[in-house]
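Each chain, letter by letter, is given below.
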Amino acid sequence: MSRPIIREPRWPAFVAMLAAAGVYFAMPEPLSLGPSWLLLVIIGFLLIPILVSNRYGHFRVTRILTFTANGIITIAMIASLILLVRGIPQHLEAPKALLRSASALWITNILVFALWYWKLDAGGPLMRDRREDLSNSWFLFPQMLSREKRDMSWRPHFVDYLFLAFNTSTAFSPTDTAVLSRWAKFGMMIQSLISLAIVALLAARAVNIL
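Numbers given for residues are sequential positions, taken from 1 along each chain in its written order. Only residues with pLDDT of at least 70 get local features here, since the model is predicted, and only at 80 or more are side-chain atom pairs given and counted; chain-wide, interface and lining totals rely on the full set of residues. Side-chain metrics in this entry use all non-hydrogen atoms of the structure; hydrogen atoms and water are not considered.

Despite not being glycine, alanine 122 has its phi angle at roughly 55°, a positive value. Phi is positive for phenylalanine 172, which is not a glycine, with a value near 55°. Note on conventions: DSSP H or I runs of at least 4 residues are helices, E runs of at least 2 residues are strands, and numbering of each starts at the N terminus. With respect to the helices and strands, phenylalanine 172 occurs in the loop between helix H6 (158-171) and strand E2 (178-179). Phenylalanine 172 sits in the partly exposed class, given a relative accessible area of 39%. Residue burial is assigned from relative accessible area. The probe radius is 1.4 Å, only protein chains are included, and a residue is buried under 20% of its type maximum, exposed over 50%, and partly exposed in between.

To continue, consider the packing of helix H2 (residues 38-55) against helix H3 (residues 59-87). Note on definitions: angles span 0 to 180 degrees between N-to-C directions of axes, and those axes are lines fitted to C-alpha atoms, for helices only across the stretch in contact. Where H2 meets H3, the axes come as close as 8 Å, and the angle between the chain directions of the two elements is 165°. The pairing of H2 with H3 is recorded here as roughly antiparallel in orientation. Relative to H3, the crossing made by H2 is left-handed. Contacts between H2 and H3 pair Leu39, Ile42, Ile43, Leu46, Pro49, Ile50, Ser53 and Asn54 from the former with Phe59, Val61, Thr62, Leu65, Thr66, Thr68, Ala69, Ile72, Ile73 and Ala76 from the latter. Charged residues are taken to be Asp, Glu, Lys and Arg, nonpolar residues to be Ala, Val, Leu, Ile, Met, Phe, Trp, Tyr, Cys and Pro, and polar residues to be all remaining types, Gly included. Looking at the contact of H2 with H3 residue by residue, the class counts come to 13 nonpolar, five polar and no charged. Any angle that falls under 35 degrees is termed roughly parallel, while one over 145 is termed roughly antiparallel, one within 65 to 115 roughly perpendicular, and all others oblique. With the far helix as reference, a near helix turned anticlockwise by less than a right angle produces a left-handed crossing, and one turned clockwise produces a right-handed crossing. The contact criterion used throughout is that any non-hydrogen atoms of two residues lie within 4.5 Å.

What follows concerns the packing of aromatic side chains. Pairing of aromatic rings covers Phe, Tyr and Trp, the last counted by its six-membered ring, and requires centre-to-centre distances within 6.5 Å; plane angles under 30 degrees mean stacked, over 60 mean edge-to-face, and any other angle means tilted. If you walk through the whole model with that rule in mind, you get nine aromatic pairs. When the ring of tyrosine 117 is compared with that of phenylalanine 139, the centres are 5.3 Å apart and the planes differ by 70°; the resulting orientation is edge-to-face. Linking tyrosine 117 in helix H4 (residues 95-120) with phenylalanine 139 in strand E1 (residues 139-140), this pair joins segments that are 22 residues apart in sequence. Residues tyrosine 117 and phenylalanine 139 agree in their burial class; the two are buried. An aromatic cluster of at least three residues, connected via ring pairs, comprises Phe113, Tyr117, Phe139, Phe141 and Tyr161. A cation over an aromatic ring shows up here: arginine 55 above the ring of tyrosine 56, its NZ or CZ 5.6 Å from the ring centre. Counted as over-ring charges are cases with an Arg CZ or a Lys NZ within 6 Å of the ring centre that also lie within 35 degrees of the ring normal.

Glancing now at the packing of H3 against H4. The packing of two helices is summarised by the inter-axis angle and the distance between the axes. Taken N-terminus to C-terminus, the directions of H3 and H4 make an angle of 150°; their axes are 10 Å apart at the nearest point. The angle between the axes of H3 and H4 places the two elements in the roughly antiparallel class. When you trace H3 past H4, the crossing you get is left-handed. In this structure, H3 contributes Arg63, Thr66, Phe67, Asn70, Gly71, Ile73, Thr74, Met77, Ser80, Leu81 and Leu84 to the contact, and H4 contributes Leu98, Ser101, Ala102, Leu105, Thr108, Asn109, Val112, Phe113, Leu115, Trp116, Lys119 and Leu120. Looking at the contact of H3 with H4 residue by residue, the classes come out as 13 nonpolar, eight polar and two charged.

Here we take up a nonpolar patch on the surface. Taken together, the side chains of Phe25, Trp37, Leu38 and Val41 present a nonpolar region at the surface, about 370 Å² in accessible area. Checked against the element boundaries, valine 41 lands in helix H2. Each patch is built from residues lacking any salt bridge and having more than 30% relative accessible area; the joining distance is 9 Å for like charges and 5 Å for nonpolar side chains (Val, Leu, Ile, Met, Phe, Trp, Tyr). Only the protein chains shown count as cover for residues, and the accessible areas themselves come from Shrake-Rupley with a 1.4 Å probe. We define a salt bridge as a contact between a side-chain nitrogen of Lys or Arg and a carboxyl oxygen of Asp or Glu at a distance within 4 Å.

Inspection of the secondary structure puts lysine 119 in helix H4. Counting rule for charge: Lys and Arg are taken as positive, Asp and Glu as negative, and neither His nor the chain ends is counted. With no salt bridge to any partner, buried lysine 119 finds its closest opposite charge in glutamate 8, at an N-O distance of 9.3 Å. What lysine 119 contacts, discounting residues up to four positions off in sequence, is Arg63, Thr66, Phe67, Gly124 and Pro125.

Moving on to the side chain of serine 53. Along the chain, the position of serine 53 falls in helix H2. Definition of a polar contact: a pair of N or O atoms within 3.5 Å, with one able to donate and the other able to accept a hydrogen when the atoms are protein atoms, and with sequence-neighbouring residues admitted only if both atoms are side-chain atoms. From its side chain, serine 53 meets the backbone oxygen of proline 49 in a polar contact 2.8 Å long. Ignoring any residue separated from it by four or fewer positions in sequence, one finds serine 53 in contact with His58, Phe59, Val61 and Thr62.

This part takes up the nonpolar core. Side-chain atoms within 4.5 Å are what join buried Ala, Val, Leu, Ile, Met, Phe, Trp, Tyr and Cys residues into a set we call a nonpolar core. Counting 46 residues, the largest nonpolar core has Met17, Ile43, Tyr117 and Phe139 as its most contacted members. When residues of this core are traced back to their parent elements, those giving at least two are helix H1 (11-24), H2, H3, H4, H6 and helix H7 (182-208). With 13 residues, the top contributor of residues to this core is H4. If we ignore the near neighbours within four places in the chain, the residues touching isoleucine 43 are Met17, Leu18, Ala21, Ala69 and Ile73.

If you want it as structure tokens, here you go:
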């Protein structure tokens, strides 16, 4: 007999998506892509059909809209990072504004990549819910190595990917989780590079000129 399908709660990922846009709202106006409030409005607007389509089982629509929202947040984050790096030699921003911008981008980086890992690993949350075999997973979590009967049905949830993204941004490595997919390795390299630029280059520069 196949195991009963237990759906992973989606609300943590939707909250993270809104939080990423909210953190971006804290960016100074010159360093944001358009008005700083625009991203929050767009994501809030997209979350309405995302929640409705997910509620009524239109998962293909939910997936497309979620990819769209993640892509918009990612583009906004990278654009702000470029603007911030370009503005450092000219001292266009005050030290406190630089620190606030670096913190906002660092948090956004964690949330954005956690959403990408959650959405892409093993075909996404819907496929992970339905499959008994997760051999095509991008990541090998420690619980997946357990042979105990009580852990056979374990599936990674959004919090697991958030923890993975947090470790990648702080330790520049996945720590306890093995990375299996080449695409996942490439994604983690990009995330680590962004985090390194924020922490080592931007935050350090802002502290030095306080």
